[in-house]
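Observations on the three-dimensional arrangement
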Amino acid sequence: MFIRKTVACTRPAAFAGLRRCLSSDTPTIVTRLKADLKTAMKEKDKVRLPVIKGILSDIMYAEKSPASSPTFSTYSDADVATVIQRVIRRRHESITSFVDGGRPELAEAEKIKIAILEQYLPQQLTAEQIEARAKDVIRKLGASGAKAIGPVMRDIGISPAEASKARVAEIRASARNIVPVGSRYAFHRYKSTTTRPAAESAESSSRVPLQKATVTETSADGRTLVTTFPNGLRVTSEPDPGHFSAIGVYVDAGSRYEDASTAGYAHLMDRLAFRNSERFSSADAMAAIEKLGGSIMSSSSRECIMYQAAVFPHDVPTAIRLLADTTLRPKFLPEDVEELQATVPWELQDVESKADMFLPEKLHEAAFKTGTLGNPLLCPPDQLGRATPSLLADYHKQWYRPERIVVAAIGVDHQELVRMCADNGFADLAPASPAGAAADTVSGHSQQEMPDESSRSWFRKILTGDGAATQTAGRKSLYTGGTWFDAKPDMDFTQLYLGFKSAGIDNEHGLYLYAVLQMLLGGGGSFSAGGPGKGMYSRLYTRVLNQHAWIESCVAFHHCYTDAGLFGISASCRPRNEHALFDVMATELEAVASGSGRLLSRSAIRRPYASQEGATALEVRRAKNQLKSNLLMNLESRMVQLEDLGRQIQVSGHKVPAETMIKHIEAITPDDIRKGAADLLKNPATLIAQGYVDGISKFGPQVAANHGIKL
């Protein structure tokens, strides 16, 4: 024990705290906690023991955390009291969440824990003592007006050991009511007007200045809160309690918005995340991330660049500082760009060697030849060499605008989240000029076409700027279809992708329809194992993999975007069977579209299920149950829940709850499936192949004609 105290005394504040501790007969808070811990362990007190263990752990962590004050000491009751008050505040937030979630028994358990923690707080100042001290300071300073609030608060000098942050917030709110009465000043006490405890209400009311945020909107089910700053940036949260909190920043940018001069820049922005910024060097950011002990990542896609973190609740402020700096204030240093130019080519080679990653990219390029969704997701090698710090800074300035950014969180108090976002500069980010917003274009391209006015979809609001939804820049995606064959005869298997234009997020009914159709077709690999949950009863298993031993894999896919989608089947087979594989894939799509009758097309492949072509009610019900199961199980993941929240608010301006999604899924009928599959075949197909492709090159057009497919 003595050795530990000697080491702790290397800092002046810690030395002073130790000296006070040794010279005083009154035990410190930590000393009392350790003594009570031994007592609770002897008595096997299941209530006090975990609470005391937890707060001691928080105190030890606070001493080592980079977010703590450099003079923090476990020997200082003021510092320790700050930690205890922080934990109590989090437990108050948990009580609110449990009450809102209909779990009163958990809320009562939290109240008991708070009562235990409050026993270790020093004697707090009473309201009369605070008022007397304030009047004395006001009289000495001759204070008057709002400008005097700061000096008054500094001279009052209330330490964390004397009053909680909530009480200090109450004092600050009261100080705003200092008014001159002759030569004297009246100090009016703050009174709560909400149903929450006065201290909590005072703290919440002082967190975000009124001019920093507009009125917060609440979803119909009361679970989702959305606050919009005056600059257009949105902050959203859901108060799900848990051991971890999840925070994310979502930028409405990506490869679909790029042109020849900026191709691949979204990919480079992703790779430059959490490096040098105004407040962090690369080394500092890495050290902070390692100390968080959670998960922090970034990724870029065709329509979004996202930055996400899952951390302990007490690490949320540090995570938000990291996220704010890497998104709002990055530094594009020459050495970082040079490092990218050296490492990204290796990444491109790695992706090209993996068919499941490389071929979907070629599928998009062939399907959307005019750009937008067909733009490369990864930075092309020739573009990489032309990237410079100034060009990347220009790209950042163009796309990282407040109206294109959403900050989302799960398990964080909403008002606290809004306050932290404002403190870290999200509310201060300059919005686009009215002229720039009105002519929001991508490198000279005109604003995308407006849908028909009769459309009832919320997507029209996105495009026209009506409502709170984001205005999406760039052209409307144009599906063209096409073919791409890559001859590599030495490959073990030939890979085929057959795709068609499907519904995007703007087509609500189509979105759920094709999700059910994907489950109905299902599929997998020839060595897949499992029951119905793994798709063993799906059509591509029972009708393809179980019937044709030469087929290695066959899986349905659906890539969905804001205004378009790609639906189809990917498969692989042994060389020299590729034209027969194309026939099988086309047959299965045509079978779902044909209804209950036999197929009219000519096919050379034996079809054991030829008399049962259309999707049955049993198949559709099974597919819907599997989709609902996958949806709900995925939403149990906090990170999936976070991304779902952030992207929904970004795209549509509101959150669609899982219950509503389930209703949409239930509404899908076998006739909907038939019509949806038939609509797919009306569009030109996209066909790509890699491996031994001689058969598909020679016989592909004839096979497509047999099934009425347009290549």
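One numbering rule holds for all chains: residues counted from 1, following each sequence as written. For a predicted model such as this one, the threshold for reporting local features is a pLDDT of at least 70, and the threshold for listing and counting side-chain atom pairs is 80 or more; totals across whole chains, interfaces and linings nevertheless cover every residue. Where side-chain values are given, they derive from all heavy atoms of the structure, hydrogens and water being excluded.

Considerations on the overall build of the chain
Counting from the N terminus, the helices are DSSP H or I runs at least four residues long and the strands are E runs at least two residues long. When helices and strands are counted, the chain shows 28 helices and 15 strands. Evaluated residue by residue, the chain yields a buried proportion of 50% over its 711 residues. Surface exposure here means Shrake-Rupley accessible area, sampled with a 1.4 Å probe, where a residue is shielded only by the protein chains that are shown. Approximately 33100 Å² of the chain is accessible, and the part contributed by carbon and sulfur atoms is 55%. Type-normalised accessible area, obtained with a 1.4 Å probe on protein chains alone, sets the label of each residue: buried when under 20%, exposed when over 50%, and partly exposed for intermediate values.

Quick word on the sheet that holds strand E9 (residues 405–410)
Sheets are built from strands paired through backbone hydrogen bonds, the pairs being either parallel or antiparallel. Strands are labelled as partners when DSSP assigns at least two bridges between them. In spatial order, the strands read E3-E4-E5-E9-E6-E8-E7; together these seven strands make up an open sheet with mixed pairing. What marks the edges here is a single partner per strand, and that holds for strand E3 (217–218) and strand E7 (295–300). Across six bridges, strand E6 (residues 245–251) lies against E9 in antiparallel orientation. Looking across to E9, one finds that Val251 is bridged to Ile405.

Remarks on helix H17 (residues 389–399)
Within the span of H17, buried status applies to Leu392, Tyr395, His396 and Trp399. End-on view of H17: buried residues confined to an arc of 100°, all on one side of the axis. Two residues qualify as a contact provided that any one of their heavy atoms is within 4.5 Å of a heavy atom in the partner residue. Packed against the buried residues of H17 are E6, helix H11 (265–271), strand E8 (305–311), helix H13 (316–328) and helix H14 (334–352). The arc in question is formed by the directions pointing from the helix axis toward the C-beta atoms.

Considering the packing of helix H21 (residues 508–521) against helix H24 (residues 617–634)
Between H21 and H24, the shortest axis-to-axis distance is 8 Å and the interhelical angle comes to 110°. Between H21 and H24, the angle falls in the class roughly perpendicular. Two secondary-structure elements touch here, H21 through Ala515, Val516, Met519 and Leu520 and H24 through Glu619, Val620, Ala623, Lys624, Gln626, Leu627 and Asn630. Its residues assigned to classes, the contact of H21 with H24 shows seven nonpolar, two polar and two charged. To obtain each axis, a line is fitted to C-alpha atoms, and for helices this fit is confined to the stretch in contact; angles are then taken between N-to-C directions over 0 to 180 degrees. Oblique is the label for any angle not covered by the other classes, which are roughly parallel (under 35 degrees), roughly antiparallel (over 145) and roughly perpendicular (65 to 115). Any residue that is not Ala, Val, Leu, Ile, Met, Phe, Trp, Tyr, Cys, Pro, Asp, Glu, Lys or Arg is counted as polar, Gly included; the first ten are nonpolar and the last four charged.

Regarding the pattern of salt bridges
Salt bridges are defined by distance alone: a side-chain nitrogen of Lys or Arg within 4 Å of a carboxyl oxygen of Asp or Glu. A complete count under the given rule lists 31 salt bridges for this structure. Across the pair Arg401 and Glu403 runs a salt bridge whose closest N-O atoms are separated by 2.6 Å. Here Glu666 and Lys628 are joined by a salt bridge, their closest N and O atoms 2.1 Å apart. Within this pair, whereas Glu666 is found in helix H26 (residues 658–666), its partner Lys628 is found in helix H24, the two being separated by 38 residues in sequence. Here the residues in one salt-bridge network are Arg223, Glu238, Asp240, Asp644 and Lys655, joined through shared partners.

Here we look at the confidence of the model for the chain
On average, residues of the chain carry a pLDDT of 78, and 73% of them reach 70 or more. With pLDDT under 50 throughout, residues 1–25 is counted as low confidence; its partners more than four residues away or in other chains account for 21 contacts. pLDDT runs from 0 to 100 and stands for how confident the predictor is about each residue. Below pLDDT 50 for its whole length, residues 175–213 participates in 73 contacts with residues either more than four positions away or in separate chains.

What to know about helix H18 (residues 414–423)
Each α-helix turn comprises 3.6 residues. Residues three or four places apart therefore point the same way. Counting buried positions along H18 yields seven of 10 residues, so the element is predominantly enclosed. Whenever two N or O atoms come within 3.5 Å, that pair is a polar contact, provided that in protein one can donate a hydrogen and the other can accept it, and provided that, for residues adjacent in sequence, both atoms are side-chain atoms. Of the residues flanking the start of H18, the one acting as N-cap is Asp413, its side-chain oxygen 3.4 Å from the backbone nitrogen of Gln415. In the segment just after H18, Gly425 is the residue with positive phi, at about 100°.

Some words on the side chain of Gln690
Along the chain, Gln690 falls in strand E15 (residues 686–691). Of the polar contacts made by the side chain of Gln690, one reaches the side chain of Asp486; its length is 2.9 Å. Not counting chain neighbours up to four residues away, the residues in contact with Gln690 comprise Ala355, Phe358, Leu359, Asp486, Lys488, Met491, Phe493, Thr494 and Gln495.

Digging into the sheet that holds E15
Overall, mixed pairing links the six strands, which are arranged E10-E15-E11-E14-E13-E12 in an open sheet. Both outer strands of the open sheet, strand E10 (482–487) and strand E12 (523–525), are each paired with one neighbouring strand and no more. Put simply, the sheet's adjacent strands are angled 20° from each other on average, direction ignored. Of the strand pairs in this sheet, strand E11 (residues 494–502) and strand E14 (residues 565–573) are connected by nine bridges, and their pairing is antiparallel. Bridge pairing in E14 links Gly499 to Gly568. Against the sheet, H21 contacts E11, E12, strand E13 (551–560) and E14, and its axis sits at roughly 170° relative to E13. The sheet strands contacting helix H23 (residues 578–593) are E11, E13, E14 and E15, and the helix crosses E11 at an angle near 30°.

Overview of the environment of Lys624
Inspection of the secondary structure puts Lys624 in helix H24. On a C-alpha basis, the gap between Lys624 and Ile662 in space is 9.0 Å, while along the polypeptide they are 38 residues apart.

Concerning the packing of helix H5 (residues 77–100) against helix H6 (residues 104–118)
Contact pair H5 / H6: the axes reach a minimum separation of 8 Å and the direction vectors enclose 165°. Classified by the angle their axes make, H5 and H6 are roughly antiparallel. H6 is crossed by H5, and the crossing has left-handed handedness. On H6, the residues that touch Ile84, Val87, Ile88, Arg91, His92, Ser94, Ile95, Phe98 and Val99 of H5 are Pro104, Leu106, Ala107, Glu110, Lys111, Lys113, Ile114, Leu117 and Glu118. When its residues are assigned to classes, the contact of H5 with H6 shows 11 nonpolar, two polar and five charged. By convention, the crossing between two helices is left-handed when the near helix turns anticlockwise from the far helix through less than a right angle, and right-handed when the turn is clockwise.

Digging into the pairing of E8
Of all seven residues that make up E8, seven are buried, and the element is covered over most of its length. Side chains Ile305, Tyr307, Ala309 and Val311 of E8 all project onto a buried face; the interleaved residues Met306, Gln308 and Ala310 project onto the opposite face, where all are buried too. Of the pairings in the sheet, the one linking E7 to E8 comprises six bridges and is antiparallel in character. Along E8, the bridge assignment pairs Ser298 with Tyr307. The turn joining E7 and E8, which pair antiparallel and follow one another in sequence, is formed by four residues.

Observations concerning the packing of aromatic side chains
Two aromatic rings from Phe, Tyr or Trp, using only the six-membered ring of Trp, form a pair when their centres are within 6.5 Å; if the ring planes differ by under 30 degrees the pair is stacked, by over 60 it is edge-to-face, and anything between is tilted. According to the stated counting rule, one finds nine aromatic pairs in the structure shown. Geometrically, the ring pair formed by Tyr497 and Phe557 is tilted, given 5.8 Å between the ring centres and 40° between the ring planes. Of the two residues, Tyr497 is situated in strand E11 and Phe557 in strand E13; the sequence distance between them amounts to 60 residues. In terms of burial, Tyr497 and Phe557 fall into one category: buried. One aromatic cluster is present, built from ring pairs that chain together Tyr257, Tyr265, Tyr395 and Trp399.

Describing the environment of Arg622
The topology assignment puts Arg622 in helix H24. Spatially, the C-alpha atom of Arg622 lies 8.8 Å from that of Ser538, the residues being 84 residues apart in sequence.

Remarks on the side chain of Ser477
With respect to the helices and strands, the residue Ser477 is situated in the loop between helix H20 (459–464) and E10. Beyond its immediate chain neighbours, meaning those up to four positions away, Ser477 contacts Arg256, Phe368, Thr372, Leu373, Asp563 and Ala564.

Observations regarding the pairing of E13
When E12 meets E13, the two strands line up antiparallel, connected through three bridges. Within E13, the residue paired with Gly525 across the bridge is Ser553. Relative to E14, E13 runs antiparallel, the two being bridged by nine bridges. Note that in E14 the partner of Phe557 across the bridge is Gly568.

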